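Residue-level structure breakdown
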Amino acid sequence: MARMNLAVEHVRRMRGGAQSHLMRCDDGGYYIVKFQNNPQHLRILANEMLATRLAARMGLRVPHIEVVEVRPELIAYSADLVVQFGLGRKPCAAGKQFGSQFPGHPARMAVHDFLPDEELTGVRNFADFLGIFVFDKWTCNTNGRQAIFYRDPDEAPGPASEPAPSPIPAPPARTDAYAALYPAPSGAATAEPYTAMMIDHGFCFNAGEWDFPDAPLRGLYARHRVYRNVQGMESFEPWLGRVEKQMTEAVLGEEAGHIPPEWYGDDWNALERLIERLYARRTRLRELIISARNSGRDPFPNWKVRHA
Ligand SMILES: Nc1ncnc2c1ncn2[C@@H]1O[C@H](COP(=O)(O)OP(=O)(O)OP(=O)(O)O)[C@@H](O)[C@H]1O
Ligand SMILES: [Mg+2]
């Protein structure tokens, strides 16, 4: 394991079933931290680590992730660092926790959980929704697909970001001549487009079960607009190829080696079985995509049927 981040400050509680917390770390970054004693399952942390690393290897935009060390003193001093169960509450666990880095400074960058359809189609990395669908089928993510959206601060200094004193002159206003030289990406004529970042991989491999209960609609993003450009299996091809050809057993084993063993209770056999099943599933991706296509919900209305 490479260096580990130390949590230095609790900022706030996040919404969601894992009861994560926003924390500042000693690398200066801010992380959404999920704790070993979260109400969902211990393996949620292992799943986040393995799945996020695999998605990154597929070339998809995911957060920077780290193991975050949370010391008992910080938990003792931070009244809000508790897990709530029904009527009771318990302090969050100390030790190694999972951290997903906030893509900027939380006070200056607006991060959205949803975008209206008109802005969604203008997202910079819109095609990643096709890639992450392949990924969610592969890993049998049994939670709905989740993404966050933000504008890179240096590209869109909106009201949320402080005007930093800079020797670099501001870019010229979008006059017609300027627009001709630097055309705005289509679908986002009025503002810089958002970037989508794929998050929440705790329920990949079916959360704590580590099995793969495949179902046709599983893995589809709730806003089917993202699949509008799908014309057939070839639309998923770059990501299919990456999983089928690049995710060898050696690669999967190497990525699994980054998971702190306490996140799966030192159950090496279970981890090995998980890796074997993931490896075997590479060959079933096309069949799983076809079952989504034939689900009756018509998620891919522009799929071109080719008659012989
Ligand atoms: N890397 C990140 N950067 C910014 N915000 C994040 C990041 N990761 C998570 N969040 C925010 O924290 C919230 C909770 O994260 P996440 O969805 O991973 O946890 P969860 O508890 O499993 O949620 P749920 O039960 O609602 O699915 C998200 O809705 C999102 O707004
Ligand atoms: Mg979530």
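Structure first, text after, so check above.
The sections below set out a description of the structure shown in this document.

Calculation rules
- Residues numbered from 1 in each chain as written.
- Chains lettered and ligands numbered in written order.
- Predicted model: local features only at pLDDT ≥ 70, side-chain atom pairs only at ≥ 80, totals over all residues.
- Helix = DSSP H or I, 4+ residues; strand = E, 2+ residues; numbered from the N terminus.
- Buried ≥ 20, exposed ≤ 12 C-beta atoms within 10 Å, placed from the backbone.
- Contact = placed C-beta atoms within 7 Å.
- Axes fitted to C-alpha atoms, helices over the stretch in contact; angles between N-to-C directions.
- Parallel < 35°, antiparallel > 145°, perpendicular 65-115°, else oblique.
- Nonpolar A, V, L, I, M, F, W, Y, C, P; charged D, E, K, R; others polar.
- Near = placed C-beta within 6 Å.
- Core = buried A, V, L, I, M, F, W, Y, C linked by C-beta atoms within 7 Å.
- Arc of directions from axis to C-beta.
- Pairing = 2+ DSSP bridges.

Turning our attention to the overall build of the protein chain. Each helix and strand in the protein chain was counted, giving 9 helices and 9 strands. Within the protein chain, the proportion of its 308 residues that are buried is 33%. In the protein chain, once contacts between residues fewer than 6 apart in sequence are set aside, the share between residues at least 24 apart is 77%.

Looking now at the packing of helix H4 (residues 128–139) against helix H9 (residues 285–293). Two numbers describe a pair of packed helices, the interaxial angle and the distance between the axes. Orientation of H4 relative to H9, taken along the N-to-C sense of each, is 105°, at an axis distance of 10 Å. Classified by the angle between their axes, H4 and H9 sit roughly perpendicular to one another. In this structure, H4 contributes Val134, Lys137 and Trp138 to the contact, and H9 contributes Leu285, Leu288 and Ile289. Looking at the contact of H4 with H9, its residues break down into 5 nonpolar, no polar and 1 charged.

All right, on to the site of ligand 1 then. Around ligand 1 sit 20 residues in total, of which Gly16, Gly17, Ala18, Pro63 and Asp200 are the nearest. At the level of elements, strand S7 (95–101) and strand S8 (146–150) are the ones that each hand at least two residues to the shell around ligand 1.

With that settled, consider the nonpolar core. Formed by 69 residues in total, the largest nonpolar core has its most connected members in Tyr31, Val33, Ala55, Val68 and Val134. Element by element, the count of residues in this core is highest for helix H1 (residues 43–57), at 8 residues.

Once that is clear, we can look at unusual backbone geometry. The phi dihedral of Asp266 is positive, around 55°, even though this residue is not glycine. Mapping Asp266 onto the fold places it in the loop between helix H7 (249–256) and helix H8 (268–281). Even without being glycine, Asp298 reaches a positive phi, approximately 50°. For Asp298, the location among the structural elements is in the segment after H9.

Below, the discussion takes up helix H6 (residues 237–246). Within the sequence span of H6, burial applies to Trp239, Leu240 and Val243. Along the axis of H6, the buried residues cluster in a sector spanning 105°; they form a single face. Among the exposed residues of H6, those pointing more than 90 degrees away from its buried face are Glu237, Gly241, Lys245 and Gln246. Buried-residue contacts for H6 involve H4 and H9.

Read around the barrel, 5 strands follow the order S1-S2-S3-S7-S4 and close on themselves; strand pairing throughout is mixed. Strand-to-strand twist in this sheet, taken as the mean axis angle between neighbours without regard to direction, amounts to 55°. In terms of strand pairing, strand S3 (residues 30–34) meets S7 through 4 bridges, oriented antiparallel. Bridge pairing links Ile32 to Ser100 in S7.

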